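# Overview (structure and organization)
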Amino acid sequence: MLFNSVEFLFFFLPLTILLFLQIAKRYGNEPAIAVLVACSLFFYGWWNPIYLLLLLASMGFNYLLGGMLGGRSKHKGLLIFGIAVNLSAIAYFKYAGFILNNVNSVFDVDYSIGNIILPLAISFFTFQQIAYLVDSYKGITKEYSFLHYALFVSFFPQLIAGPIVHHKDMLPQFERNKAFQLNANDVAIGLSIFAIGLFKKTVIADGIAIYATPIFSMADAGESIDFFTAWGGALAYTFQLYFDFSGYSDMAVGLARIFGIVLPLNFYSPYKAANISEFWRRWHMTLSKFLRDYVYIALGGNRKGQVSRYTNLLITMLLGGLWHGAGWNFVIWGGLHGSYLIINHSWQHMIKSSGVSFVNSMLYRYLAWFITIIAVIIGWVFFRAVTLDGALNMLSGMAGLNGISMPNAIYVKLSPLHQVLDSLAITPTLGGGAVFVKTWLWIITLTLVVLVLPNIQDMFAKHKATLSTLQFDTTNAIWPAKKIAQQLQFSYSTKFAFLSALAFVLGLLTLNQVSEFLYFQF
């Protein structure tokens, strides 16, 4: 079930809230949690009921194993067995087809295992539970009830596309003595954040998607893509993914807050980052934390010197790429970001050793931001293109290797500049003027939005929007007109009530074109 669908907004959500509060009022917290688990399972099963069995089996298996690892059976072999079972499930559903296709290509054979449907959210609930097993083995977990554990895994606001929640963050919130009840402040904050997320997803992300999808389809089909078209498509997708994921993250935070639950921060204005390390501290933050804690550090981290550190970074990012999808484009994307991180760490080490002072200048910071965002956009091309040839085709266009042209209607209006345009080998082409103008208006507007405006963490930090303490943070980042942004902090006022209602209504107006979240497929 999608957050941006009629059945969710007008039936599932109000009925779940009503049931949860009524049961809590009459019978107490534990029955209310049982209701919330049942509703979350219904939410998951709405997509395909048969895969509910997989989710239930996964929860039962990991809860039992976690209990054994947290008790007397602290046998490392048991932990390895548990991790292997979890990874095997992902390997079968997510990577079996990919591996077999490569075997068929290498050995020129034609094996088949049929059409395997990827269960929704398997990467998210599996990673959460692997972390739980590891922490149980380390003795970090407590003895939780199965009901609380089931809610930790299946809580519907974060089940489908994250954040990847940690047991120590969530389970204590379910164990409180205070009775669950309707809290006006929580509802106001939750609905406001949800409305902002809905607007980001349905109005902005889906609105600009129509300028990205056709270009990538053309690239994958092998058509020649000129400079402006390629950059327009790449930038449109860069913003589509940003607002899609940001919108989902906001909706998850808002929904959980309505129930009085605070989720971890998962998205913190990553396009403001002035180096690639900072980008990963702000993009999909809970995944980055998981990869750091349970992969990078498990591999040895930086304990064995720089070469080992860089090797572990590259391996971690390659696995991070594969986590996003079974395809060589995702591997390349992960490898690119691993390389970016190695270059960034080497550069940081070099300037720290040399003691140069220019790194504190605004010019340096903006130049660093520009290089970072270009690197990120190039990575997104591999992330979005269906084929490797399609990605290379897009990059060829972005490099100007397929020529530079603009619609004739615009070219004519720039007649005083024809000499300059001709010297740059920019030629006129027939048609496409309206699309060209709309594409670049979207891009210019959204560039200002992501750089200037605050995110929900900044807007609602005083009201504990998430478990993070970040607020208007500019560490290793740029923020033009920050003083203006600082004026946009949530308050219980008519102004914010009106803006939230407006965002919600505009989001509702697009419900006739419901689209999936991009991170659902991961």
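Quick notes on the rules
- Residues numbered from 1 in each chain as written.
- Predicted model: local features only at pLDDT ≥ 70, side-chain atom pairs only at ≥ 80, totals over all residues.
- Heavy atoms only, no water.
- Salt bridge = Lys/Arg side-chain N within 4 Å of Asp/Glu carboxyl O.
- Helix = DSSP H or I, 4+ residues; strand = E, 2+ residues; numbered from the N terminus.
- Core = buried A, V, L, I, M, F, W, Y, C linked by side-chain atoms within 4.5 Å.
- Buried < 20%, exposed > 50% of the residue type's maximum accessible area, 1.4 Å probe, protein only.
- Contact = heavy atoms within 4.5 Å.
- 1 Å grid on protein atoms, 1.4 Å probe; cavity = no way out; pocket = protein on both sides within 12 Å on 5 of 7 lines; lining within 4 Å.
- Points joined across faces, edges and corners; volume = space filled by probe spheres on them.
- Polar contact = N/O pair within 3.5 Å; in protein donor to acceptor, adjacent residues only side chain to side chain.
- Expected span 1.5 Å × (residues − 1).
- Bend = angle between axes of the 7 residues up to and from the residue.
- Nonpolar A, V, L, I, M, F, W, Y, C, P; charged D, E, K, R; others polar.

Further remarks concern the pattern of salt bridges. Scanning the model with the defined rule gives nine salt bridges in all. When the shortest N-O distance is used, the salt bridge between Asp473 and Arg282 registers 3.7 Å. Here the residue Asp473 occupies a position in the loop between α21 (456-460) and α22 (482-485), and Arg282 occupies one in helix α12 (residues 276-282), the gap between them amounting to 191 residues. A single network of salt bridges, built from pairs that share partners, joins Glu278, Arg281, Arg282 and Asp473.

This next bit is on the nonpolar core. Membership of the largest hydrophobic core comes to 86 residues, with the highest contact counts inside it found for Phe8, Phe43, Tyr44, Phe156, Phe259 and Phe460. Residue contacts for Phe259: discarding those within four places in its chain leaves Leu13, Thr16, Ile17, Phe20, Leu36, Phe155, Phe156, Arg176 and Phe180. If you look at the next biggest cluster of nonpolar residues, it comprises 58 residues, including Phe279, Trp283, Tyr296 and Ile443.

For the coordinates displayed, the defined rule picks out one cavity of 30 Å³ or more. The computed volume of the largest cavity comes to approximately 40 Å³. Forming the walls of the largest cavity are Ser249, Asp250, Val253, Leu265, Asn266, Phe267 and Ile456. Looking at which element gives the most residues to the lining of the largest cavity, the answer is helix α11 (residues 227-258), with three residues.

On to the side chain of Asn104. Relative to the helices and strands, Asn104 is located in helix α4 (residues 76-107). A polar contact is formed between the side chain of Asn104 and the backbone oxygen of Tyr111, at a distance of 2.9 Å.

So, on to the environment of Gly320. Its location among the elements puts Gly320 in helix α14 (residues 306-324). For Gly320, a relative accessible area of 5% translates into the label buried. Between the alpha carbons of Gly320 and Ser339 there is a distance of 13 Å; along the sequence they are 19 residues apart. Discounting residues that sit within four places of it in the chain, Gly320 has contacts with Leu291 and Trp333.

To continue, consider helix α9 (residues 184-209). For α9, built from 26 residues, the straight-helix expectation of 38 Å at 1.5 Å per residue is met to within 8% by its first-to-last C-alpha distance of 36 Å. At Lys200, α9 is bent by approximately 25°, the largest bend along its length. For α9, the tally of buried residues reaches 20 of 26 residues, placing the bulk of the element in the interior. One side-chain oxygen at the N-terminal end of α9 lies 2.9 Å from the backbone nitrogen of Asn185; it belongs to Asn183.

Right, let's get into unusual backbone geometry. At Asp108, a position not held by glycine, the phi torsion is positive, near 55°. Relative to the helices and strands, Asp108 resides in the loop between α4 and α5 (122-138). The phi dihedral of Phe472 falls on the positive side, at around 45°, and the residue is not glycine. By the element assignment, Phe472 lies in the loop between α21 and α22. Among the residues examined, Phe472 registers a relative accessible area of 7% and is labelled buried.

Glancing now at the layout of surface pockets. Counted as a void, the largest pocket has a volume near 950 Å³. Along the wall of the largest pocket there are 32 residues; nearest its centre are Trp280, Arg281, Ser288, Lys289 and Arg292. Those elements that place two or more of their residues in the lining of the largest pocket are α8 (167-174), α12, α13 (285-299), α14 and α15 (328-354). It is α13 that contributes the most residues to the lining of the largest pocket, ten residues altogether. Grouping the constituent residues of the lining of the largest pocket by class yields 15 nonpolar, ten polar and seven charged.

Below, the discussion takes up α14. The end-to-end C-alpha distance of α14 is 27 Å, a good match for the 27 Å that 19 residues give at a rise of 1.5 Å each. Looking only at α14, the buried set comprises Ser308, Arg309, Tyr310, Asn312, Leu313, Thr316, Met317, Gly320, Gly321, Trp323 and His324. Against α4, α5, α12, α13, α15 and α16 (362-384) lie the buried residues of α14.

Note that Lys178 resides in the loop between α8 and α9. In this structure the C-alpha to C-alpha distance between Lys178 and Gly28, which are 150 residues apart in sequence, comes to 9.6 Å.

On the secondary structure map, Ile332 appears in helix α15. Judged by its relative accessible area of 27%, Ile332 is partly exposed. Sequence separation between Ile332 and Trp47 is 285 residues; the distance between their C-alpha atoms is 31 Å.

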